Amino acid sequence: MKTKLGFLGAGKMAEGILAAASLMKDFDPQAVLMAEKVPARAKELEKKYGVRTTPDAKEVARTAPVIFLAVRPQDLAALAADVKPLLTKKQLVVSIAAGKSLATLKKALGKEVRLVRVMPNLALRAKEGMCALCPAKNATPADVRKVAKILDGAGRTVVLPEKNFDAVTALSGSGPAFFAFMEQAMAEGGRKLGLPADAARLLAEQTMLGTAAYLRQSGADLEAFISGVATPGGTTAAGMDVMRASDFADVVAQTLAAAANRSAELGRG
């Protein structure tokens with residue numbers, strides 16, 4: 001069976017990308033080969049998606065024209081030592097290894113291989129992911145379109161310079177935890193007002209989801225939307241007065257800056 005898409009690593013993020021790829025009209029699960037050493041995990045993926053698996057990463061490197069590099073950053077060096085001799089300029093490697101720059105990847109995998117770096121987030125697993133793409137100089141426009149086509153099946157993509165990736169990591173990579181923290185605070189506030197805990201979470205979660213969906217669909221200006229909901233003298237305005245009087249916006253900015261700075265530190269390491 002000819003391999004069209006390969007995965008080096010088969011964790012949850014790799015599965016999210018696989019799920020996105022499975023939505024493509026021409027998707028053939030038997031043309032997908034995933035490297036996974038844990039037999040139970042390999043069987044799980046085979047049963048769920050119908051793909052092929054192998055414990056040998058070299059088999060993926062030898063046969064797949066498009067390869068998603070989805071290993072932990074700390075495992076990259078050992079993996080690269082095994083597959084580097086097998087990779088050629090005919091292959092496209094798409095890396096989701098956090099903090100690993102294109103220069104680092106090129107050094108590890110060889111200067112011939114075409115590279116696209118991707119910063120995904122966990123929402124891929126719910127088909128609502130946000131992925132930033134940055135191609136290496138030797139990657140073609142067709143390469144970028146190919147990667148975007150796969151990832152767009154599970155959310156949205158944007159092409160950005162690599163210099164923006166620490167900010168992307170902070171905003172969309174780490175962002176799911178920050179939004180979950182906000183939801184937790186909203187739900188806890190509702191509970192303190194007398195709501196049952198499960199109802200408070202549902203109200204907070206669906207409100208967050210619905211607001212995001214409306215803003216995406218309408219393209220509404222954010223400040224105009226806030227002003228429209230917070231009518232003078234109303235309940236929303238009373239709450240907004242508290243938020244605006246607090247240092248909420250500064251805390252959010254500081255949160256993102258801390259995450260971006262840590263991303264830069266890890267990249268240098």
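Predicted model, so just to flag it, every value in this text is computed and none were measured.

So, about the overall build of the protein. From N to C terminus, the protein includes twelve helices and eight strands. On the principal axes, the C-alpha backbone points of the protein span a range of 70 × 40 × 30 Å. Put simply, the protein has 269 residues, and 37% of those count as buried. A sequence separation of at least 24 residues applies to 63% of the contacts in the protein between residues at least 6 apart. Per element, the accessible surface of the protein, about 15,400 Å² overall, is 60% carbon and sulfur.

Right, let's talk about the sheet that holds strand 8 (residues 155–159) for a bit. Consider a sheet: its strands pair through backbone hydrogen bonds, and that pairing is either parallel or antiparallel. Taken together, the eight strands give an open sheet; going across it, the order is 3-2-1-4-5-6-7-8, and neighbouring strands pair in mixed fashion. The two strands at the open ends of the sheet, each matched to only one other strand, are strand 3 (52–54) and strand 8. On average, each strand axis in the sheet is inclined to that of its neighbour by 25°, with strand direction left out of account. Those strands touched by helix 5 (residues 102–109) are strand 4 (66–69), strand 5 (92–95), strand 6 (114–119) and strand 7 (129–135), and its axis lies near 135° from that of strand 6. Along the sheet, helix 6 (residues 141–151) contacts strand 1 (5–8), strand 4, strand 5, strand 6, strand 7 and strand 8; its crossing angle with strand 7, the most-contacted strand, is approximately 170°.

The geometry of helix 7 (residues 165–173) relative to helix 8 (residues 175–192) is characterised by a closest axis approach of 5 Å and an angle of 35° between their N-to-C directions. Across the interface between the two elements, Ala170, Leu171, Ser172 and Gly173 of helix 7 pack against Gly175, Pro176 and Phe178 of helix 8.

Side chains Leu92 and Val94 of strand 5 all project onto a buried face; the interleaved residues Val93 and Ser95 project onto the opposite face, where all are buried too. Where strand 4 and strand 5 come together, four bridges link them in parallel fashion. Each bridged residue has a counterpart across the sheet, and for leucine 69 the counterpart in strand 5 is serine 95. In this fold, the crossover linking strand 4 to strand 5 by way of helix 4 (residues 76–83) has right-handed handedness. By the bridge criterion, four bridges tie strand 5 to strand 6 in an arrangement that is parallel. In the strand pairing of strand 6, serine 95 is matched with arginine 117. With helix 5 bridging strand 5 and its parallel neighbour strand 6, the resulting β-α-β unit is right-handed.

Taken together, the buried positions of helix 5 are Leu102, Leu105, Ala108 and Leu109. Seen end-on, helix 5 carries its buried residues on one side only, within an arc spanning 130°. Opposite the buried face of helix 5, by more than 90 degrees, sit the exposed residues Ala103 and Lys107. Looking at the buried residues of helix 5, the elements they touch are strand 4, helix 4, strand 5, strand 6 and strand 7. Looking one or two places after helix 5, you find glycine 110, whose phi comes out positive at around 110°.

Counting 34 residues, the largest nonpolar core has Phe7, Met34, Val118 and Leu133 as its most contacted members. The contacts of leucine 133, once residues within four sequence positions are left out, are Val116, Arg117, Val118, Val144, Val147, Ala148, Leu151, Thr157, Val158, Val159, Leu160 and Phe165. Grouped together as the second largest cluster of nonpolar side chains are 28 residues, Val71, Ala108, Leu115 and Met119 included.

On to the pattern of salt bridges, then. Summed over the entire model, instances satisfying the criterion amount to 13 salt bridges. The salt bridge partner of arginine 41 is glutamate 44, with a shortest N-O separation of 3.2 Å. In this pair, arginine 41 and glutamate 44 both sit in helix 2 (residues 39–49), three residues apart, roughly one turn of the helix. When its relative accessible area of 12% is taken as the criterion, arginine 41 is described as buried. Across the salt bridge formed by arginine 72 and aspartate 75, the nearest N and O atoms sit 2.9 Å from each other.

So, on to the state of the cysteines. Applying the stated criterion across every chain yields a total of zero disulfides. Cysteine 131 takes part in no disulfide bond, and the closest cysteine sulfur to it belongs to cysteine 134, at a distance of 14 Å. The buried category is assigned to cysteine 134, whose relative accessible area is 6%.

Right, let's get into a nonpolar patch on the surface. On the surface, Met243, Phe248 and Val252 cluster together to form a nonpolar patch covering roughly 220 Å² of accessible area. Taking the relative accessible area as the measure of exposure, phenylalanine 248 reaches 37% and is therefore partly exposed.

Moving on: the pairing of strand 2 (residues 32–35). On strand 2, burial covers both faces: Val32 and Met34 on one face and Leu33 and Ala35 on the other are all buried. Pairing between strand 1 and strand 2: four bridges, direction parallel. When the bridges of strand 2 are listed, leucine 5 appears paired with valine 32. Read from strand 1 through helix 1 (residues 12–21) to strand 2, the crossover connection turns out right-handed.

What counts and what doesn't
Residues numbered from 1 in each chain as written. Predicted model: local features only at pLDDT ≥ 70, side-chain atom pairs only at ≥ 80, totals over all residues. Heavy atoms only, no water. Helix = DSSP H or I, 4+ residues; strand = E, 2+ residues; numbered from the N terminus. Buried < 20%, exposed > 50% of the residue type's maximum accessible area, 1.4 Å probe, protein only. Contact = heavy atoms within 4.5 Å. Areas by Shrake-Rupley, 256 points an atom, 1.4 Å probe, with all protein chains shown as cover. Pairing = 2+ DSSP bridges. Axes fitted to C-alpha atoms, helices over the stretch in contact; angles between N-to-C directions. Right-handed = clockwise from strand over helix to strand, strands pointing away. Arc of directions from axis to C-beta. Core = buried A, V, L, I, M, F, W, Y, C linked by side-chain atoms within 4.5 Å. Salt bridge = Lys/Arg side-chain N within 4 Å of Asp/Glu carboxyl O. Disulfide = S-S within 2.5 Å. Patch = residues over 30% accessible without salt bridge, like charges linked within 9 Å, V, L, I, M, F, W, Y side chains within 5 Å.

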